[in-house]
Amino acid sequence: RTTTRHAAPAPAPAPSNHATQDGKPRVISDMGEFTDSVYDLVKTVPAGHVTTYGDVAEALGSKAVARHVGWALGKCWDADVPWWRVINSAGCVSFRASDIASKKSKSKKPSSKKRKRDDDKDEVETVSQQETLLAAEGVTFETQGNMQKRRVRDFDDLRYQFPDVEFDEQV
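Residues numbered from 1 in each chain as written. Predicted model: local features only at pLDDT ≥ 70, side-chain atom pairs only at ≥ 80, totals over all residues. Heavy atoms only, no water.

> For this particular structure, what's the right way to read the pattern of salt bridges?
One side chain can pair with another of opposite charge once the charged atoms of both are near each other. Per the stated rule, a full pass over the model turns up 5 salt bridges. With its nearest N and O atoms 4.0 Å apart, the salt bridge here joins Lys63 to Glu58. Overall, the relative accessible area of 18% leaves Glu58 in the buried class. Residues Glu137 and Arg85 are paired through a salt bridge, measuring 2.6 Å at the closest nitrogen-oxygen approach. Of this pair, Glu137 sits in the loop between helix H5 (129–136) and strand E3 (141–144) while Arg85 sits in the loop between helix H3 (66–74) and strand E2 (86–87), placing them 52 residues apart in sequence. For Glu137, a relative accessible area of 23% puts it in the partly exposed group. (Salt bridge = Lys/Arg side-chain N within 4 Å of Asp/Glu carboxyl O. Buried < 20%, exposed > 50% of the residue type's maximum accessible area, 1.4 Å probe, protein only. Helix = DSSP H or I, 4+ residues; strand = E, 2+ residues; numbered from the N terminus.)

The following block contains the structure:
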């Protein structure tokens, strides 16, 4: 016996900032120009404040490009661009490839006979380059769960509001 299920008709798409005013999806036609726009916008975030990849994307016109903002900042080594002030939407810093490499070189390999516990005093604490740069600007962190999840303390208060852009409150 075979039953056929009929899908309910799809609801009309809700308006979103993922499209232009004429309803067509936004397209990044020039990555170099987009990257320059990201860098210019990030330069406006004051020291001691943070913003998110989504906030930068929304200020550029579309939250849909938040991942692209991350890619642009991930390859940024320009000292004039404060890339470290852009964090994820949970209020946590992101590790760069260089942070992971230094973590591996600093960590101690546990004995095969004895498993190292998370609360051992000789455990190496990993702090990302981003966290170090934010701390130098007075931003403090609180531990959430394990050491990999350190959230900016008072994230909502330190979150920079770009002019002419309203952000959704985090739930």
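> Honestly, the packing of helix H2 (residues 53–60) against H3 in this entry has me stumped. Any pointers?
Each pair of packed helices can be described by the angle between their axes along with the distance between the axes. Contact geometry for H2 and H3: axes closest at 8 Å, N-to-C directions at 110 degrees. By the criterion of interaxial angle, the relationship of H2 to H3 is roughly perpendicular. Contacts between H2 and H3 involve Tyr53, Gly54, Val56, Ala57 and Leu60 on the former and, on the latter, Ala66, Val69, Gly70 and Leu73. Considering only residue class, the contact of H2 with H3 consists of 7 nonpolar, 2 polar and no charged. (Axes fitted to C-alpha atoms, helices over the stretch in contact; angles between N-to-C directions. Parallel < 35°, antiparallel > 145°, perpendicular 65-115°, else oblique. Contact = heavy atoms within 4.5 Å. Nonpolar A, V, L, I, M, F, W, Y, C, P; charged D, E, K, R; others polar.)

Coordinates in, geometry out; function isn't part of it.
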